[in-house]
Amino acid sequence: MSDELPEPIVEKPDETPIMKKPDLDQGDKKKKRKDFWLGVGLWFALNIVVGVCLWGVQFVVIGATSSMSGTNSTLTNLVTLFSVIIGFIPFVVNIGLMIYFVVKKRPQIALGMLAGFGFVLGVAICVGVFLMATCFAMLGSYK
Amino acid sequence: MVPILFEINGVPIYSHGFFFLMALLAGTAMLLIESRRRHWPKEEVIPITLAAFVGGMIGARLSILFFNGWETAPVVLNFYALFDPRIGPGSIIGGVIGAYIGGYIASKAIGKDGCACDAFAPAMALATAVGRVGDFLAAEDGLGKPTTLPWGVPAPGVNYLVHPAPLYDAAFNLAWLGVLWALRDHPRMQDGNLLKFGIGGYAFFRFFVEFVRNNQVFAFGLTGQQYACIFMLIALLVYYGRKWQGFQSTKTV
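What you are looking at is a predicted structure, and each value in this text was computed from that prediction instead of being measured.

## A few points about the overall build of chain A
Here comes step 1: Secondary structure assignment for chain A yields four helices and zero strands.
Here comes step 2: The secondary structure elements of chain A, listed N-terminal to C-terminal, are α-α-α-α.
Here comes step 3: Among the 143 residues that make up chain A, the fraction classed as buried is 29%.
Here comes step 4: In chain A, of all internal contacts separated by at least 6 residues, the share reaching a separation of at least 24 is 68%.
Here comes step 5: Roughly 10,400 Å² of accessible area belongs to chain A as shown, and the carbon and sulfur atoms make up 69% of that amount.

Shown next, in the form of structure tokens:
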């Protein structure tokens, strides 16, 4: 048996503590990165597919109703309402999916989707420098 | 007014779009400087800022339905129109609310305990000040109501002078930026308080400036934007009232 005591821990006063980031092993980092890019890809794929489908549905419905409606205002209102609902669906799908991935403990996928969303919005803002933007006062019942 | 700021090889650069982009860049730069100064890790800054940006853009657009009426629904509720640069981004009040909600959800999603969001307060004021210059140059919403004041400006389509309301907004936000900058290290202006104070101050100012703007009256002589300001101020009062009650009860215990 050894009589040696373990060396006491002595704090060195002039050494400032450094906040260390939690060590993520390489596998974790890889998985996070994969999830992020999966999210970016998912956002683009989802919105292209949903966009094409909704455009198709709208095209068929408006085409069918315009041939039979003439000046039927009720039908026109219904078609407008239908178009509004159809146009709103991607909001629900996008936000719903991001929340779903957060709840399912895959936040990097949600972050990737958010990054895709933000990137396209950023591009639209940059393109807006070269285009005349219409203010909503003109679109609404502005007096 | 100067809707086209300048041309590059015959390609027009529009004031509104240019200053909107400059506003976002200036706001982002200030946010980065502040978040670095506050030692806010990038693992938190990036998702919260992204969520605030996307939430702000959605909020700005959706709020138009409340401010300008159901007639705007086919455009406002169309998801893909959100990416159409030919349509204005929407209302800044809705943008602030949307950004706050987006940032809040993201901070909860990443499991953040405290709030480092005070870095957003001066950035928001600076971005609004810059963006409003573009609104003025583009004569957005006809600038303002008629005035005989010496600083009245001509507006397109009318033969009288009007209030340069976007410039009032820009001037206030520039001054407000100074106030927020001076208060940013105050012990009571931490943990989200500076941001709430910044939003509250803007809501208070905006309520009054709405009286000289051309926005649509919603009810009882007040615009939708004024109701949104009242909502924001009440929400802040309720928040601080509850906080004060909690503070008082812990003091008595």
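Additional details are given in the paragraphs that follow.
## Quick notes on the overall build of chain B
Here comes step 1: Scanning chain B from terminus to terminus reveals eight helices and six strands.
Here comes step 2: For chain B, the succession of helices and strands along the chain, N to C, is β-β-α-α-α-α-α-β-β-α-α-β-β-α.
Here comes step 3: Seen through its C-alpha atoms, chain B measures out along the principal axes to roughly 65 × 45 × 40 Å.
Here comes step 4: Within the span of chain B, comprising 253 residues, buried residues form 51% of the whole.
Here comes step 5: If you sum the accessible surface of chain B, you get close to 12,300 Å²; carbon and sulfur atoms cover 70% of it.

## A few points about the packing of helix α6 (residues 165–183) of chain B against helix α7 (residues 193–209) of chain B
Angle between the axes and distance between the axes: these two values describe a pair of packed helices.
Residues and elements named next belong to chain B.
Here comes step 1: Taken N-terminus to C-terminus, the directions of α6 and α7 make an angle of 155°; their axes are 11 Å apart at the nearest point. The angle between α6 and α7 falls in the class roughly antiparallel. Taken as a pair, α6 and α7 cross one another with a handedness that is right-handed. Residue-level contacts link Y168, D169, F172, N173, W176, V179, L180 and L183 of α6 to L194, F197, G198, G201, Y202, F205, R206 and V209 of α7.

## Section: the interface of chain B and chain A
Here comes step 1: Taken together, the contact pairs 48 residues of chain B with 41 residues of chain A.
Here comes step 2: A buried area of about 3,800 Å², summed over both sides, lies between chain B and chain A, and 78% of it is on carbon and sulfur atoms.
Here comes step 3: Linking chain B to chain A there are zero salt bridges.
Here comes step 4: Applying the counting criterion to the chain B and chain A interface returns five residue pairs in polar contact (both at pLDDT 80 or more).
Here comes step 5: Of all the secondary structure elements, the ones that give two or more residues to the side of chain B that touches chain A are β2 (11–14), α1 (15–37), α2 (42–68) and α3 (73–76) of chain B.

## Observations regarding the packing of helix α5 (residues 120–137) of chain B against α7(B)
All names here are of chain B.
Here comes step 1: Running from N to C, α5 and α7 point in directions that differ by 30°, and their axes come no closer than 8 Å. Here F120, A121, P122, M124, T128 and R132 of α5 come into contact with α7, specifically with L194, L195, G198, I199, Y202 and R206.
Here comes step 2: Counted by class, the contact of α5 with α7 contains eight nonpolar, two polar and two charged residues.

## Examining the pattern of salt bridges
Here comes step 1: For the coordinates displayed, the defined rule picks out ten salt bridges over all chains.
Here comes step 2: Beyond isolated ion pairs, a larger network of salt bridges with shared partners links B:E34, B:R37, B:R38, B:R184 and B:D185.

## Quick look at unusual backbone geometry
All names here are of chain B.
Here comes step 1: Residue N9 is not a glycine yet carries a positive backbone phi of 50°.
Here comes step 2: For N9, the position within the fold is in the loop between β1 (4–8) and β2.
Here comes step 3: The class for N9 is exposed, based on a relative accessible area of 80%.
Here comes step 4: The phi angle at F220 is positive, at roughly 50°, despite the residue not being glycine.
Here comes step 5: Along the chain, F220 turns up in the loop between β5 (217–219) and β6 (222–223).
Here comes step 6: When its relative accessible area of 82% is taken as the criterion, F220 is described as exposed.

## Concerning the confidence of the model for chain A
Residues and elements named next belong to chain A.
Here comes step 1: Per-residue pLDDT for chain A averages 77, and the proportion of residues at 70 or more is 74%.
Here comes step 2: The lowest-confidence element of chain A is helix α4 (residues 136–139), averaging 58 in pLDDT; the highest-confidence one is helix α3 (residues 107–127), averaging 92.
Here comes step 3: Every residue in residues 10–20 is under pLDDT 50, and counting partners more than four places away or in other chains gives zero contacts.

## Quick look at the environment of A:V52
Here comes step 1: If you trace the backbone, A:V52 turns up in helix α1 (residues 26–69).
Here comes step 2: Residues A:V52 and A:I125, spaced 73 residues apart in sequence, show a C-alpha to C-alpha distance of 23 Å.

## Quick notes on the environment of B:L174
Here comes step 1: In this fold, B:L174 is placed in helix α6.
Here comes step 2: Here B:L174 falls in the exposed class, since its relative accessible area comes to 53%.

## Some thoughts on the pairing of β2(B)
Residue and element names in this part refer to chain B.
Here comes step 1: Relative to β2, β1 runs antiparallel, the two sharing four bridges. Bridging across to β2, I8 finds its partner in V11.
Here comes step 2: Joining the antiparallel neighbours β1 and β2 is a turn of two residues, in which N9 adopts a positive phi near 50°.

## Structural notes on α7(B)
Here comes step 1: For α7(B), with 17 residues, the first-to-last C-alpha span of 24 Å sits near the 24 Å given by 1.5 Å per residue.
Here comes step 2: Counted residue by residue, α7(B) has 14 buried out of 17 residues, so it is predominantly covered.

Rules and cut-offs
- Residues numbered from 1 in each chain as written.
- Chains lettered and ligands numbered in written order.
- Predicted model: local features only at pLDDT ≥ 70, side-chain atom pairs only at ≥ 80, totals over all residues.
- Heavy atoms only, no water.
- Helix = DSSP H or I, 4+ residues; strand = E, 2+ residues; numbered from the N terminus.
- Buried < 20%, exposed > 50% of the residue type's maximum accessible area, 1.4 Å probe, protein only.
- Contact = heavy atoms within 4.5 Å.
- Areas by Shrake-Rupley, 256 points an atom, 1.4 Å probe, with all protein chains shown as cover.
- Axes fitted to C-alpha atoms, helices over the stretch in contact; angles between N-to-C directions.
- Parallel < 35°, antiparallel > 145°, perpendicular 65-115°, else oblique.
- Left-handed = near helix turned anticlockwise from the far one by under 90°.
- Buried area = accessible area lost by both parts, 1.4 Å probe.
- Salt bridge = Lys/Arg side-chain N within 4 Å of Asp/Glu carboxyl O.
- Polar contact = N/O pair within 3.5 Å; in protein donor to acceptor, adjacent residues only side chain to side chain.
- Nonpolar A, V, L, I, M, F, W, Y, C, P; charged D, E, K, R; others polar.
- pLDDT = per-residue confidence, 0-100.
- Pairing = 2+ DSSP bridges.
- Expected span 1.5 Å × (residues − 1).

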